[in-house]
Amino acid sequence: MKGYPEVEISSVSELISEIQIIRRRKQTIFLWFRAQSSADWSLEPSIFRGAEVKAEKYFTAEKLVSQRGLQRFASFFPNIGEREYVEWLTALQHYDVPTRLLDWTESLSVCLHFLRKKKSRRPAVFVLDPIRLNFLSTNSRRLPVNGVLGFSSDLIKARAREAFEDLGENTVSSNAAGPLAFLPRHIDNRMIVQNACFTISGKEMPALDKFIESFPPATRRSARQTLTKFVIPESKVADFMREVDEIAPSYQSMMPDLVGCSREVQLDKVELEAKI
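Residues numbered from 1 in each chain as written. Predicted model: local features only at pLDDT ≥ 70, side-chain atom pairs only at ≥ 80, totals over all residues. Heavy atoms only, no water.

1. Notes on the pattern of salt bridges
Moving on, step 1. With the rule as written, the count across this model stands at 13 salt bridges.
Moving on, step 2. Note that Asp129 and Arg132 form a salt bridge whose closest N and O atoms lie 4.0 Å from each other.
Moving on, step 3. Of the residues examined, Arg132 reaches a relative accessible area of 26% and is grouped as partly exposed.
Moving on, step 4. Several salt bridges converge on common partners, so that one network encompasses Glu6, Asp40, Arg122 and Lys229. (Salt bridge = Lys/Arg side-chain N within 4 Å of Asp/Glu carboxyl O. Buried < 20%, exposed > 50% of the residue type's maximum accessible area, 1.4 Å probe, protein only.)

What follows is the structure, encoded as structure tokens:
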């Protein structure tokens, strides 16, 4: 049995109804959303994907990638200080550099937009309670009263710094067992329009879903309320995606730059060819 609910849905309206039920049950405005092209994929940050063993070489590679990214991105983000590692990680993540971050959004329509990027036989939409995740990951230590962490939190800063520097074992970040959810500083137009938010993993238990599944049965009830996975079965994907196309924002609105414009033109080409 999984450590969190997994529910099959067949339409966008059914997904919305399920989310409304979660909101009423939790009585919270803080729900985050993430879409993945395959329901079989774990909620693992891109820098750790493909690592069959937890070897130190992967964290060495992370530091090299992060430092190289900072070097190459510096001229595009002149207002970010050299040691503002949280901001550098979010910038790298939003431009497809592998990091220890996982993208989430506060907007369901934005989430559904990212299902349009690739064709999928069995996609999934995850709904996360970020506050409950933070309490699970820290056992309530070093959290503000409402459980919301910002980019200036010591916990977030320390974990981001690990991606760039060797901090040793005794760090503030080591006080958190699992991934941490935080609200970022929106340093880029993409982050603004995408209502971007993130989870950040540490060296231990980088995959968010695996972290939740790791809780023993005696404490699993609380963990199960942190994450819900909605799966669209293969037989319903075509109908579901037609609904998504009607309501999801365009590429250009989600990426207000040349990349977004280019993808929108490519999509126009595909649609025109289908009509000829």
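2. Considering the pairing of strand β7 (residues 227-231)
Moving on, step 1. The buried fraction of β7 is high, at five of five residues.
Moving on, step 2. Both faces of β7 are covered, namely the face carrying Leu227, Lys229 and Val231 and the face carrying Thr228 and Phe230.
Moving on, step 3. Inspection of the sheet shows strand β1 (residues 6-8) paired to β7 by three bridges, in the parallel sense. Following the sheet pairing, Val7 is matched in β7 by Phe230.
Moving on, step 4. When strand β4 (residues 124-128) meets β7, the two strands line up antiparallel, connected through five bridges. Bridged to Val127 within β7 is Thr228. (Helix = DSSP H or I, 4+ residues; strand = E, 2+ residues; numbered from the N terminus. Pairing = 2+ DSSP bridges.)

3. Observations regarding the side chain of Thr199
Moving on, step 1. One can find Thr199 in strand β6 (residues 196-200).
Moving on, step 2. A residue is classified by how much of its surface remains accessible, and Thr199, at 2% relative accessible area, is buried.
Moving on, step 3. At 3.1 Å, the side chain of Thr199 and the side chain of Trp104 are in polar contact.
Moving on, step 4. For Thr199, the residues in contact, after removing those within four places along its chain, are Arg100, Leu101, Leu102, Trp104, Leu128, Leu133, Leu180, Ala181 and Leu208. (Polar contact = N/O pair within 3.5 Å; in protein donor to acceptor, adjacent residues only side chain to side chain. Contact = heavy atoms within 4.5 Å.)

4. Description of the nonpolar core
Moving on, step 1. With 25 residues, the main nonpolar core has Trp88, Leu89, Ile156, Phe164, Phe182 and Ile200 as its most contacted residues.
Moving on, step 2. At the level of elements, α2 (56-73), α3 (85-94), α6 (154-162), β5 (180-182) and β6 are the ones that each hand at least two residues to this core.
Moving on, step 3. Counting residues per element, this core draws most heavily on α3, which supplies six residues.
Moving on, step 4. Ignoring sequence-local partners within four residues, the contact set of Phe182 consists of Trp32, Val86, Thr90, Leu101, Leu149, Gly150, Phe151, Ile156, Cys197, Phe198 and Ile200.
Moving on, step 5. Val127, Phe230, Ile232 and Val244 belong to the second largest nonpolar core, which has 21 residues in total. (Core = buried A, V, L, I, M, F, W, Y, C linked by side-chain atoms within 4.5 Å.)

5. Quick word on the state of the cysteines
Moving on, step 1. With the rule as written, the count across this model stands at zero disulfides.
Moving on, step 2. No disulfide involves Cys111; its nearest neighbouring cysteine sulfur is the one of Cys197, lying 10 Å away.
Moving on, step 3. Classification of Cys111 as buried rests on a relative accessible area of 2%. (Disulfide = S-S within 2.5 Å.)

None of this, on its own, says anything about what the molecule does.
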